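Below, each chain spelled out in residue letters.
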Amino acid sequence: MRPTDRSPVHDGGGRVTASAVAAPRRQPPQNGIAMITLTDETLRASFTNATRREVADLTLPAGFDDLDWASLDLLGWRDPKYARRAYVVVPVGDEVVGVVLQQGTAAPRSRAQCTWCQDVTLPNDVAFFSARRSGAAGRAGDTVGTLVCSDFQCSANVRVAPPVAYLGFDVEAAKASRVEALRERAAGFVGAVQNGV
Ligand SMILES: [Zn+2]
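Residue indices follow the written sequence of each chain, beginning from 1 at its first position. At least 70 in pLDDT is required for a residue's local features to be given in this predicted model, at least 80 for side-chain atom pairs to be given and counted, and no such filter applies to totals for whole chains, interfaces and linings, which use all residues.

## Re the overall build of the protein chain
A tally of regular secondary structure across the protein chain gives five helices and six strands. Put simply, DSSP H or I for four residues or longer makes a helix, DSSP E for two residues or longer makes a strand, and each gets a number counted from the N terminus. Put simply, the protein chain runs from its N terminus to its C terminus through helices and strands in the order β-α-α-β-β-β-β-α-β-α-α. In the protein chain, 70% of the contacts between residues at least 6 apart in sequence involve partners at least 24 apart. Residue pairs qualify as contacts under a 7 Å threshold applied to their C-beta atoms, which are placed from the backbone.

## A short note on the nonpolar core
Defined on buried residues, the nonpolar core groups Ala, Val, Leu, Ile, Met, Phe, Trp, Tyr and Cys residues joined through C-beta atoms within 7 Å. With C-beta atoms placed from the backbone, a residue is buried if 20 or more other C-beta atoms are within 10 Å of its own, exposed if 12 or fewer are, and partly exposed between those counts. In this structure, Leu74, Val88, Val89, Val90, Val99, Cys154 and Val190 are the most contacted members of the largest nonpolar core, which totals 39 residues. Ignoring any residue separated from it by four or fewer positions in sequence, one finds Val99 in contact with Thr48, Asn49, Tyr87, Val88, Ala131, Val190 and Val193.

## Here we look at the pairing of strand β5 (residues 126-132)
With respect to burial, β5 is a largely interior element, five of its seven residues being buried. If DSSP finds at least two bridges between two strands, the strands pair. As defined by bridge partners, strand β4 (residues 95-103) adjoins β5 across two bridges and the pair is classed as antiparallel. Bridging across to β5, Gln103 finds its partner in Phe129. Relative to strand β6 (residues 143-149), β5 runs antiparallel, the two being bridged by seven bridges. Bridging across to β6, Phe128 finds its partner in Leu147.

## Thoughts on the pairing of strand β3 (residues 85-92)
Burial analysis of β3 places seven of its eight residues in the buried class, which makes it a mostly covered element. Two strands pair when backbone bridges link them, and strand β2 (residues 75-78) and β3 are joined in this way by four bridges, in the antiparallel orientation. In the sheet register, Arg78 faces β3, and the bridge partner there is Ala86. Here β2 hands over to β3 after six residues, the two strands then running antiparallel side by side. Bridge analysis of β3 against β4 gives eight bridges, and the strand direction is antiparallel. Paired with Tyr87 across the strands is Val100, a residue of β4. Remark: two residues form the turn of the hairpin made by β3 and β4, two consecutive strands paired antiparallel; Gly93 in that turn has positive phi of roughly 60 degrees.

## Examining the confidence of the model for the protein chain
Known as pLDDT, the predictor's confidence for each residue is given on a scale from 0 to 100. Here the protein chain averages 85 in pLDDT, and 83% of its residues register 70 or above. Mean pLDDT across the secondary structure elements of the protein chain bottoms out at strand β1 (residues 16-17), with 48, and peaks at β2, with 98. Per-residue pLDDT stays below 50 along residues 1-15; that stretch engages in 39 contacts with residues further than four places along the chain or on separate chains. Below pLDDT 50 for its whole length, residues 17-30 participates in 22 contacts with residues either more than four positions away or in separate chains.

## A closer look at unusual backbone geometry
A positive phi angle, close to 50 degrees, is found at Gln118, a residue other than glycine. Here Gln118 shows up in the loop between β4 and β5. C-beta crowding within 10 Å serves as the criterion here: with 15 such atoms nearby, Gln118 is assigned to the partly exposed category. Backbone geometry at Phe152 places phi at a positive 55 degrees, although glycine is not the residue there.

## Quick look at the environment of Val158
You can see Val158 is positioned in helix α4 (residues 154-158). The sequence separation of Val158 and Ala174 amounts to 16 residues, and the corresponding C-alpha distance is 9.4 Å. Setting aside residues no more than four positions away along its own chain, Val158 makes contact with Cys117, Arg178, Val179 and Leu182.

## Digging into the environment of Val148
Along the polypeptide, Val148 turns up in strand β6. Overall, Val148 belongs to the buried group, with 28 C-beta atoms counted inside 10 Å. For the pair Val148 and Cys114, spaced 34 residues apart in sequence, the C-alpha to C-alpha distance is 4.5 Å. Other than its neighbours up to four places away in sequence, Val148 contacts Cys114, Thr115, Trp116, Val126, Ala127 and Phe129.

Next comes the structure, spelled out in structure tokens:
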């Protein structure tokens, strides 16, 4: 791994740790964890691939002060000031990492599936987003792309109770496993932005 790949483009605060007592890890695992409550300051400091200008310019998500953080595996939103700009903040290992996204101009094919929640009864549109990679790779124009629910509805989608597939089917266990899978996939995307997997 090239050390420059892990350096944030901006130097306005670095990463935000999920727990003040968590031991620092050189290589955080890419497994997902629950979302933590963020403030304006900790949210802005979490970005891994944003310029200082982008971080300063970003519009906080609507209703930011009243978000139900416990129901979120990630926080994703669009910036009303910029037609194609969006952001996602994802717990990764013992920190949360923010990524600036740019929506692609081409609409995905119909019935495209969200890469993160993989909901098969998707109630919303899916959009193609690309993210500039962290550090030198991103400055050189390298990006990572993914198909995601257009307004990042993934956390709500995986919490919809699945139909009872057979007698004795454990609905709660199925839901928990979808939540876990969403967290892992979103954290995996952030890992690709940071490490160029
Ligand atoms: Zn989704």
